[in-house]
Amino acid sequence: MSERKKIAVLISGRGSNMASLISASMDPSYPAEIALVISNKPGAAGLERAGEFGIETATVDHTEFSGDRQAFERALDEKLKARGIEFVALAGFMRLLSSWFVTQWRDRVINIHPALLPSFKGLHTHERALEEGVKLHGATVHFVSAEMDDGPIIIQGAVPVLEDDTPDTLGERVLAVEHKIYPKALALVASGRAKVKDHRVAIAGEDTEQAGPVLIWP
Ligand code: GRF
């Protein structure tokens, strides 16, 4: 087996997507190893959860940098490099990353967003999907660019919107698909199958006759 890539997961909260990545990486044939979990929020529930899995954790508290985003990001960057991290997976990480950081880590940072991008960037995606009356909603894993919830799309998972959905019931259905697509996307990236070309992601070896691994639907 080729060497597993070293991944850091960046979180701010409960870390259920982080846990799905860690669980997938327990399989020795999975191409990525979660080497580090970093939170920008001290006491984030995900830190304890990562610790229970035996994963190294760290906190880089953005409030300790007196509003200096560059200094916060330099501290993150140093921690990642010191640990030999090769790819970064954002999982509910509630800080925007600057173009400086994104350039340092070009095509090596991925994010999960709870909507079918480019629809519903930003917050409260489930409420907004219900307000708009869309019939299909879902989640997207994408490479990170300096624009919020932007960047080449790796994989999307779709779910139906039901007549009696509330933001909570729809959110639960989307979260279940998030937990499926994030480990698949990380595997595609870590194995080198997903590559950015002309602002789009090409998947090596994808069967074009099928939806392939990059669209999960109901
Ligand atoms: C998820 O819905 C993710 O798509 C979004 O933030 C939420 C994080 O949830 N970016 P969790 O911390 O992974 O449970």
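Quick caveat: nothing in here was measured; it's all calculated off a predicted structure.

(A) Structural context of helix α5 (residues 125-132). Residues Thr125, His126 and Ala129 constitute the buried set of α5. Each buried residue of α5 sits inside an arc of 95° when the element is viewed along its axis, so together they form one side. Each element contacted by the buried residues of α5 is listed here: β5 (109-113), β6 (136-143) and α6 (167-190). Backbone geometry just after α5 places Gly133 at a positive phi near 75°.

(B) Just the domain arrangement of the protein, in detail. When its domains are assigned, the protein resolves into domain 1 (1-105) and domain 2 (113-218). For domain 1 and domain 2, the distance between their C-alpha centroids amounts to 20 Å. Each partner contributes residues to the interface: domain 1 has 22 residues there, and domain 2 has 15 residues. Regarding the contact of domain 1 and domain 2, the summed buried area is about 1400 Å², with carbon and sulfur atoms giving 74% of it. At the junction of domain 1 with domain 2, the criterion picks out zero salt bridges. Counting the contacts that link domain 1 with domain 2 gives four residue pairs in polar contact (both at pLDDT 80 or more). Those elements that provide at least two residues to the side of domain 1 that touches domain 2 are β1 (5-11), α1 (16-25), β2 (32-39), β4 (87-90) and α4 (99-104). The element contributing the most residues to the side of domain 1 that touches domain 2 is α1, with five residues. Grouping the constituent residues of the side of domain 1 that touches domain 2 by class yields 15 nonpolar, five polar and two charged.

Criteria and thresholds
Residues numbered from 1 in each chain as written. Predicted model: local features only at pLDDT ≥ 70, side-chain atom pairs only at ≥ 80, totals over all residues. Heavy atoms only, no water. Buried < 20%, exposed > 50% of the residue type's maximum accessible area, 1.4 Å probe, protein only. Helix = DSSP H or I, 4+ residues; strand = E, 2+ residues; numbered from the N terminus. Arc of directions from axis to C-beta. Contact = heavy atoms within 4.5 Å. Domains from an automatic or database assignment. Buried area = accessible area lost by both parts, 1.4 Å probe. Salt bridge = Lys/Arg side-chain N within 4 Å of Asp/Glu carboxyl O. Polar contact = N/O pair within 3.5 Å; in protein donor to acceptor, adjacent residues only side chain to side chain. Nonpolar A, V, L, I, M, F, W, Y, C, P; charged D, E, K, R; others polar.

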